[in-house]
Amino acid sequence: MHLVVGPRCAWPDDRRSSTMKINSLRKHSPAPKLKTHFQKMKTIPLGVSSLTASRLAYGCWRLGGTWNPAEVTPQGRDAGRRAAIAAFEAGYTLFDNADIYCRGEAERILGAALKEVSRMRDGIRILTKCGVRPPDYPKAGSPHCWDFSAEYIVSSCEGSLERMGIETIDIY
């Protein structure tokens, strides 16, 4: 009997005893060894400041699972919170967010992760930003636009602090 070997499996060419042959192959082919630990992610200095962070940033814009806040479900919110925690546990220490991401829902979800894992806030750098004003803000009929006025920046920063439940933002 000849075996037909593909990229992930092997089949007898007569197809009669495929399970037996595949199991036989498994007995003779040891499973690959998997790493059981992570190497610490490398960190870099952030500009000329004393801050350091992981070389990779964890982008938070999809923590809600959608761009539309009306479509965020409790399951999506929970999945986003777990994803942020998993990123922290994998070694990410720079979390990139913005007030415009899902109209603040991404910041709320990151805030829920920070609340759940008490050591997380001290172990990460939070980067959030502003300047993109959503349509209908601050009143109905307002256009979607860039806004770098002092009033909007202060308002956005205060909103970000509140949504994440933190006292300081590391990079704004």
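**Q** Just to check I follow, could you spell out the overall build of the protein chain for this structure?
**A** Helix and strand counts for the protein chain come out as 5 helices and 9 strands. Secondary structure elements of the protein chain occur, N-terminal to C-terminal, as β-β-α-β-β-β-α-β-α-α-β-β-β-α. Burial status across the protein chain gives 34% buried among its 172 residues. Of all intrachain contacts in the protein chain linking residues separated by at least 6 positions in sequence, the fraction that spans at least 24 positions is 58%. Summed over all atoms, the accessible surface of the protein chain reaches about 11,600 Å², with 56% contributed by carbon and sulfur.

**Q** Would you explain the side chain of Thr128 in this entry?
**A** Mapped onto the fold, Thr128 is located in the loop between strand E7 (125–127) and strand E8 (132–133). Owing to a relative accessible area of 1%, Thr128 belongs among the buried residues under this scheme. A distance of 2.7 Å separates the side chain of Thr128 from the side chain of Glu107, its partner in a polar contact. With near-sequence residues (within four places) excluded, Thr128 lies in contact with Asn97, Ala98, Asp99, Glu107, Ser160, Met164, Ile169, Ile171 and Tyr172.

**Q** I keep staring at the nonpolar core and nothing clicks. Help me out?
**A** Across soluble globular proteins, you tend to see nonpolar side chains buried next to one another. By size, the foremost hydrophobic cluster in this structure holds 24 residues, and its most contacted members are Leu63, Ala84, Phe95, Leu110, Leu114, Met120 and Ile124. At the level of secondary structure, the elements contributing two or more residues to this core comprise helix H2 (74–89) and helix H3 (105–116). Considering each element in turn, this core owes the most residues, 5 residues, to H3. Sequence-distant contacts of Met120, defined by excluding residues within four places in its chain, comprise Ala84, Phe88, Phe95, Leu110, Ala113 and Leu114.

**Q** I tried to follow the state of the cysteines on my own but got confused; where do I start?
**A** Note on terminology: disulfide describes a covalent bond linking the sulfur atoms of two cysteines. Tallying each qualifying case throughout the model produces 0 disulfides. The cysteine Cys157 is free of any disulfide, with Cys130 supplying the nearest cysteine sulfur at 7.7 Å.

**Q** Teacher, can you tell me more about the sheet that holds E7 here?
**A** In any sheet, the strands associate via hydrogen bonds between backbone groups, in a parallel or an antiparallel arrangement. In space, the 3 strands of this open sheet follow the order E5-E6-E7, with parallel pairing throughout. Only two strands of the sheet have a single neighbouring strand rather than two, namely strand E5 (57–59) and E7. Geometrically, the sheet is characterised by an average inter-axis angle of 25° between neighbouring strands, direction not taken into account. By the bridge criterion, 3 bridges tie strand E6 (residues 94–96) to E7 in an arrangement that is parallel. Looking at the pairing, Phe95 lines up with Ile126 of E7.

What counts, and where the lines are drawn
- Residues numbered from 1 in each chain as written.
- Predicted model: local features only at pLDDT ≥ 70, side-chain atom pairs only at ≥ 80, totals over all residues.
- Heavy atoms only, no water.
- Helix = DSSP H or I, 4+ residues; strand = E, 2+ residues; numbered from the N terminus.
- Buried < 20%, exposed > 50% of the residue type's maximum accessible area, 1.4 Å probe, protein only.
- Contact = heavy atoms within 4.5 Å.
- Areas by Shrake-Rupley, 256 points an atom, 1.4 Å probe, with all protein chains shown as cover.
- Polar contact = N/O pair within 3.5 Å; in protein donor to acceptor, adjacent residues only side chain to side chain.
- Core = buried A, V, L, I, M, F, W, Y, C linked by side-chain atoms within 4.5 Å.
- Disulfide = S-S within 2.5 Å.
- Pairing = 2+ DSSP bridges.
- Axes fitted to C-alpha atoms, helices over the stretch in contact; angles between N-to-C directions.

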